[in-house]
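# Fold and geometry: a report
Given next are the chains, with one letter for each unit.
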Amino acid sequence: MALDESRTCCFTGHRPDKLPWGLDERDSRCAALKHSLARELDALYRRGFRHFIAGMALGCDFYFAEAVLVLRERQPDVTLEGAVPCPTQAQRWPEHLQHRWRGILDQCDLETVVQQNYDRWCMLRRDRYMVDRSAAVLAVFDGTPGGTQYTLNYAMDHKREILLLDPARPEAGAVRFTI
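Heads up: these notes are all about the structure in this document. (Residues numbered from 1 in each chain as written. Predicted model: local features only at pLDDT ≥ 70, side-chain atom pairs only at ≥ 80, totals over all residues. Heavy atoms only, no water.)

What follows is about the overall build of the chain. Looking only at helices and strands, one finds 5 helices and 7 strands in the chain. From first element to last, N terminus to C terminus, the chain shows the α and β order β-α-β-α-β-α-β-α-β-α-β-β. In terms of overall size, the chain behaves like a compact globule, its C-alpha atoms giving a radius of gyration of 15 Å where 179 residues would be expected to give roughly 16 Å. With the C-alpha coordinates of the chain rotated into their principal frame, the extents come out at 40 × 35 × 35 Å. With 179 residues in all, the chain has 50% of them scored as buried. Across the chain, every contact between residues at least 6 apart in sequence was considered, and the portion connecting residues at least 24 apart equals 74%. On the chain, roughly 8800 Å² of surface is accessible, and the fraction owed to carbon and sulfur atoms is 50%. The average position of the 24 basic charges and that of the 25 acidic charges among the side chains of the chain differ by 2 Å. (Helix = DSSP H or I, 4+ residues; strand = E, 2+ residues; numbered from the N terminus. Rg over C-alpha atoms; globule rule 2.2 N^0.38 Å. Buried < 20%, exposed > 50% of the residue type's maximum accessible area, 1.4 Å probe, protein only. Contact = heavy atoms within 4.5 Å. Areas by Shrake-Rupley, 256 points an atom, 1.4 Å probe, with all protein chains shown as cover. Lys, Arg positive; Asp, Glu negative; His and termini not counted. Charge placed at Lys NZ, Arg CZ, Asp CG, Glu CD.)

Let's shift gears to empty space enclosed by the protein. In this structure the tally under the stated criterion is 1 cavity of 30 Å³ or more. In this structure, the largest cavity occupies an estimated 50 Å³ of space. Together, Pro16, Leu23, Glu25, Leu58, Gly59, Phe62, Tyr63, Leu97 and Arg100 line the largest cavity. Within the residue set of the lining of the largest cavity, elements represented by two or more residues are helix H2 (60–74) and helix H3 (95–107). (1 Å grid on protein atoms, 1.4 Å probe; cavity = no way out; pocket = protein on both sides within 12 Å on 5 of 7 lines; lining within 4 Å. Points joined across faces, edges and corners; volume = space filled by probe spheres on them.)

This is the structure in structure tokens:
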């Protein structure tokens, strides 16, 4: 599958421990964030983006990947890539989350395993892999340090377009930065 970087957008965002609602996806704030992600994906599609890369972590990565799958139902030229840092990514998660992870990956058009064995840097390598293959990065970010901030800094260093959604105010839409 030959992919066009100029039509590719990857995603970075917080895990449940940094989200005000944690794992409770019935929370109205989570529903608002999911709605905003879908709206941003529609806008990216209208701009010509067709390939989307998700890092397959818990929380916002799942929301993003599932929103891309819904978009693909309406727009069959959309493709989703699951960028897995290592094969054991979901191994220690609760069983229902492992099944959700596998269910998303099974629907991906492409699954990329960044490295075969876990080490403390594999998540960051996965993040660099995604940014290196994308023209834009859609992010859910509240300003706190961590992997999302690392990915955004890497994207800025590599002059990628960045679309930021604030998990506390997703209805406001994404703030766009072009470096």
